[in-house]
Amino acid sequence: MPTNICRNLVTGGAGFLGSHLVDRLMETGNEVICLDNYFTGNKLNIARWIDHPNFELIRHDVTEPIKLEVDRIWHLACPASPIHYQNNPVKTAKTSFLGTYNMLGLARRVKARLLMASTSEVYGNPQVHPQPESYPGSVNPIGIRACYDEGKRIAETLCFDYQRMHQSEIRIARIFNTYGPRMLPNDGRVISNFIVQALKGESLTIYGDGSQTRSFCYVKDLIEGLILLMEGNHSGPINLGNPTELTIRELAETVCQQINPSLALVEKPLPTDDPIRRKPIIKLAKEQLGWEPTYNLKQGLKPTISYFRSILSNNLGR
Ligand code: NAD
Ligand code: UDP
């Protein structure tokens, strides 16, 4: 898919998804300003572009306004893993609300199109399964995940109010669990935990009985979906995720098979408000963007395991 050559701002560009998006935009000849406060991001993720004439790096917190001249704003800045977003929940809520508000203000001033990275977490613990975009969700507004879930919900609200009030061009991606190289080894997410535990020869920690489900999308597929959404004509929200649903126990068994089948699985307490099931309906993405995932779990786990193996052996993880 050819990308229009334009000036792109990627907030959260030094993070996991942001840095893959930066790669994709740079590789297709675009100009990129990468903006990050390095809370969970890492300069190493975008180090290869630092001396490139099309690339600029800005240390900035999206809760503060900023003035830049750009055509596209890819607004990804926000910690995504529960242990990171729960570390300072007030800051997470501020990042979602003020960060999106500031980026929408910038988009309005310079007439840029803005894509906001929302999440399947807006569906909360869903009472409808699988989840279509029309499902309004079932979120506990006072729970420990609310700073993130409700933060993304108000961010979506702001985007649509800017569209209605100011005719802003917005795109909203509801991203389901995504994995791949550059995830942090200590971010507490299930894929990174299981792979790191297996590579270290430790037991895999299953929270609860492992019957809860998730649907895991490989990062390359997800980035393709974001590009198609930004350049397409549909504002969204559009689900972007892999509809293959599996239990967390099945995930643990698959990771063990690929690394060390003799490892044990141990049960730990299920965190509060942990959603019981999660699976996207991607009919809208197929119809509007011609998008669907191409990597199955085994194909995506292979490069992800190689990445974790290499950072563990180089001791570059934080
Ligand atoms: P990540 O934590 O790797 O990346 C987030 C980036 O944003 C980091 O580089 C971090 O330093 C930066 N950041 C955080 N707060 C900031 C602030 N106030 N100002 C400037 N920069 C800030 O997470 P990710 O997995 O790459 O997620 C990127 C986006 O996608 C997030 O908005 C997240 O909510 C969304 N998302 C991700 C997933 C997933 O499975 N990875 C699923 C749903 C939604
Ligand atoms: N999980 C687990 N063991 C771990 C880490 C997570 O069983 O070591 C579970 C977690 O309780 C949840 C699922 O895996 O049910 C996905 O967790 P993650 O934090 O990756 O994503 P999210 O819950 O935000 O979808």
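See the structure printed just above.
In this text the structure is predicted, and so the values were computed from the model without any measurement. (Residues numbered from 1 in each chain as written. Chains lettered and ligands numbered in written order. Predicted model: local features only at pLDDT ≥ 70, side-chain atom pairs only at ≥ 80, totals over all residues. Heavy atoms only, no water.)

Okay, the overall build of the chain next. Broken down by element type, the chain carries nine helices and 13 strands. Rg of the C-alpha trace for the chain: 19 Å, near the compact-globule value of 20 Å for 318 residues, within the 12% margin. Over its C-alpha atoms, taken along the principal directions, the chain stretches across nearly 55 × 45 × 40 Å. Per-residue burial for the chain yields a buried fraction of 57% across its 318 residues. (Helix = DSSP H or I, 4+ residues; strand = E, 2+ residues; numbered from the N terminus. Rg over C-alpha atoms; globule rule 2.2 N^0.38 Å. Buried < 20%, exposed > 50% of the residue type's maximum accessible area, 1.4 Å probe, protein only.)

It is worth spelling out empty space enclosed by the protein at this point. Summed over the entire model, instances satisfying the criterion amount to one cavity of 30 Å³ or more. Taken together, H75, L76, A77, C78, T95, S96, T100, M116, A117, K152 and A155 make up the full set of residues lining the largest cavity. Listing elements by their share of the lining of the largest cavity, those giving two or more residues are α3 (89–110), β5 (113–119) and α4 (146–166). Counting residues per element, the lining of the largest cavity draws most heavily on α3, which supplies three residues. (1 Å grid on protein atoms, 1.4 Å probe; cavity = no way out; pocket = protein on both sides within 12 Å on 5 of 7 lines; lining within 4 Å. Points joined across faces, edges and corners; volume = space filled by probe spheres on them.)

In this section: the site of ligand 2. Not every one of the 17 residues close to ligand 2 is listed here, only the nearest: V190, N193, T205, R214 and D274. Take N177: an N or O atom from its side chain is 2.9 Å from an oxygen atom of ligand 2. Within the backbone of Y207, an N or O atom sits 2.8 Å from an oxygen atom of ligand 2. Protein contact buries 95% of the 520 Å² of open area that ligand 2 shows by itself. Taken together, the residues that form the shell around ligand 2 break down as seven nonpolar, five polar and five charged. (Near = heavy atom within 4 Å. Polar contact = N/O pair within 3.5 Å; in protein donor to acceptor, adjacent residues only side chain to side chain. Areas by Shrake-Rupley, 256 points an atom, 1.4 Å probe, with all protein chains shown as cover. Nonpolar A, V, L, I, M, F, W, Y, C, P; charged D, E, K, R; others polar.)

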